[in-house]
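# Overview (structure and organization)
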Amino acid sequence: MSEPAEYDVAIVGASLAGCTAATLFGRAGRSVALIESHPDIKAYKKLCTTLIQPCATPTIHRLGLDIRIEAAGGLRTHSALHTRWGWAVPPVDDDVFGYDIRREKLDPMMRVLAAETPGVDLLMGQRARKVLTTDGRITGVATEGEEGSTREIRARLVVGADGRSSPVAKMAGVGARTVKKHGRFGYMAFFRNLELPYPKRALLWLLEPDVAFTLPHDDGFQLAALMATKDKLPAFKANLEDSFYTFFEAVPDFPKLDPANQASPIIGLMDHPNLWRSKPPPGMAFIGDAAVSADPLWGVGCGWAMQGGEWLVESTKAAFGSDAELDDAVGNYRKVLRSRLGGHFFLISDYSTGRGFNPIEKLMFSAATRDTEFARHTFKFGARTIPVHEFLAPSKVAKAIRINLRHRKEPSLVPAGK
Ligand SMILES: Cc1cc2nc3c(=O)[nH]c(=O)nc-3n(C[C@H](O)[C@H](O)[C@H](O)COP(=O)(O)OP(=O)(O)OC[C@H]3O[C@@H](n4cnc5c(N)ncnc54)[C@H](O)[C@@H]3O)c2cc1C
């Protein structure tokens, strides 16, 4: 074993959360070991539809990643939603947009960004095997290289950015709370030449209880995806290809899928419990999926991974004076995480069970279909740029009731965005 290396921060996991935090810690003058088990800088997460919600756009801009995403063909994205009441299509707001770019491009791009940052050592092909402790405090990680060599990396702060199963959390004895039972499986594949009803938008069909998606991506790729309740899984899996194609035939306005245009294998997700990780021991913090991992139906995890990385750095970057100061700063970060994501996480978890709409969802989604301004309000919520209490403010609920009452009297009102 070589001499232990000393850093301010050791981050385990060089994906969206880890690379964001490493880049911003490095820019703040902190020394960072960014530890990634994959040996290849081009490795990427395959099972991700990668709609990055507008909530993360300020972080992307701050990182300077927007320029790289757009140079690589990534798209500024707006959304539209189909429910039993028809399409809700908010007006295009040039200042509020998300991004669509395949992980094949995004993950390596973020690693390069981090590795180019002074103070950051990107250590590819190093798997964290053990957390190091001193008097009950986490003080580093032991890693193992591809060829079996081991090393110790000592750090004032160890950050778990190693995904929803977070091996380092397990090594530190930290569990995750599961919120609500996850009730839908999912499948996705890339296509080309789909004739979409709103070509430049991410489209979501809420079919009560199943769900369909199409997302425009870089290089002319378009993603088709579905989520359906788990009772359908055995029959679906028995003839996967047929089931996948047949599912979309019943979806209103869904483009006809042609196998000749299929550009990737169909891959799937069988289960995805909503996880919120418990308090870490002193000297440790979690970001990204390792901290909070919600149902992918609403496409929030990538954005939250980047935002969480930024919030951790903002809370802790100037707090390395003493261990107590650092622990307080990690506590503050956890408060930010709870206040920014807690409400969203709860609602997402609740809908992930596979249920249909509740009365408040019926009210808000129907109003969004019937009124363009209300569609804008609803989409700010879906983009996670406003908190739950603002989305469901009494004035907004009253407005939704008024819109629906008016619609009852004048049913010929034109749907939003048409
Ligand atoms: C089917 C599906 C669809 C999704 N679609 C969307 C979407 O449209 N929009 C959206 O915003 N989110 C989506 N998500 C969620 C999104 O993929 C995750 O939230 C996001 O990848 C989390 O990023 P992360 O950096 O926290 O973790 P990850 O991307 O999971 O990365 C963890 C990293 O840690 C590394 N690692 C793990 N263990 C170790 C170890 N012991 N030592 C060193 N390194 C290690 C891994 O190799 C990996 O690089 C989807 C998820 C699924 C499953």
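All values reported here derive from a predicted model rather than from experimental measurement.

Right, let's get into the overall build of the protein. Helices and strands together make up the secondary structure of the protein, namely 13 helices and 19 strands. The C-alpha atoms of the protein give 22 Å as radius of gyration, which agrees with the globular expectation for 418 residues (22 Å, within 12%). The principal-axis extents of the C-alpha atoms in the protein amount to approximately 75 × 50 × 40 Å. Long-range pairs, those at least 24 residues apart, make up 74% of the contacts in the protein with a sequence separation of at least 6. By element, 54% of the accessible surface of the protein is carried by carbon and sulfur atoms, the whole surface being about 17,500 Å².

Looking at the protein, the domain boundaries give domain 1 (5-50 + 102-179 + 273-345), domain 2 (184-269) and domain 3 (359-409). For domain 2 and domain 3, the distance between their C-alpha centres works out to 27 Å.

What follows is about the environment of Pro252. Note that Pro252 resides in the loop between α7 (240-249) and β16 (267-269). For the pair formed by Pro252 and Leu24, sequence separation is 228 residues and the distance between their alpha carbons is 44 Å.

Once that is clear, we can look at the packing of helix α1 (residues 16-27) against helix α4 (residues 103-115). Close contact between α1 and α4 brings their axes to 8 Å; oriented N to C, the two are set at 25°. Here α1 lies roughly parallel to α4, going by the angle between them. For α1 against α4, the interelement crossing comes out left-handed. Contact with α1, carried on its side by Leu16, Cys19, Thr20, Ala22, Thr23 and Arg27, involves Arg103, Leu106, Asp107, Met110, Arg111, Leu113 and Ala114 of α4 and no other residues of that element.

Turning our eyes to something else, we now look at helix α10 (residues 359-370). Here α10 spans 17 Å end to end across twelve residues, near enough to the 16 Å set by a 1.5 Å rise per residue. Burial within α10 is extensive, with nine of its twelve residues counted as buried. Where α10 is concerned, the buried positions are Glu361, Leu363, Met364, Phe365, Ser366, Ala367, Ala368, Thr369 and Arg370.

Under the definition given, this model contains 21 aromatic pairs. Ring geometry for Trp87 versus Trp205: centroids 5.3 Å apart, planes at 70°, classification edge-to-face. Of the two residues, Trp87 sits in strand β5 (residues 86-88) while Trp205 sits in strand β13 (residues 201-206), which places them 118 residues apart along the sequence. Their ring planes at 70° and their centres at 5.9 Å tell us that Phe185 and Tyr187 sit as a pair that is edge-to-face. Assessed through its relative accessible area of 0%, Phe185 is described here as buried. Against the face of Tyr351 rests Arg184, its NZ or CZ located 4.5 Å from the ring centre.

Under the criterion given, the structure shown has 26 salt bridges. For the salt bridge of Asp327 with Arg137, the shortest nitrogen-to-oxygen distance reads 2.9 Å. Of this pair, Asp327 sits in helix α9 (residues 323-351) while Arg137 is found in strand β9 (residues 137-145), placing the two residues 190 residues apart along the sequence. With a relative accessible area of 12%, Arg137 lands in the buried category. Here Glu152 and Arg154 are joined by a salt bridge, their closest N and O atoms 3.6 Å apart. For Arg154, a relative accessible area of 22% corresponds to the partly exposed category. Several salt bridges share partner residues, and in doing so they unite Arg102, Glu104, Lys105, Asp218 and Asp219 into one network.

Reading guide: rules and limits
Residues numbered from 1 in each chain as written. Predicted model: local features only at pLDDT ≥ 70, side-chain atom pairs only at ≥ 80, totals over all residues. Heavy atoms only, no water. Helix = DSSP H or I, 4+ residues; strand = E, 2+ residues; numbered from the N terminus. Rg over C-alpha atoms; globule rule 2.2 N^0.38 Å. Contact = heavy atoms within 4.5 Å. Areas by Shrake-Rupley, 256 points an atom, 1.4 Å probe, with all protein chains shown as cover. Domains from an automatic or database assignment. Axes fitted to C-alpha atoms, helices over the stretch in contact; angles between N-to-C directions. Parallel < 35°, antiparallel > 145°, perpendicular 65-115°, else oblique. Left-handed = near helix turned anticlockwise from the far one by under 90°. Expected span 1.5 Å × (residues − 1). Buried < 20%, exposed > 50% of the residue type's maximum accessible area, 1.4 Å probe, protein only. Phe/Tyr/Trp six-rings, centres within 6.5 Å; stacked < 30°, edge-to-face > 60°. Lys NZ or Arg CZ within 6 Å of the ring centre and 35° of its normal. Salt bridge = Lys/Arg side-chain N within 4 Å of Asp/Glu carboxyl O.

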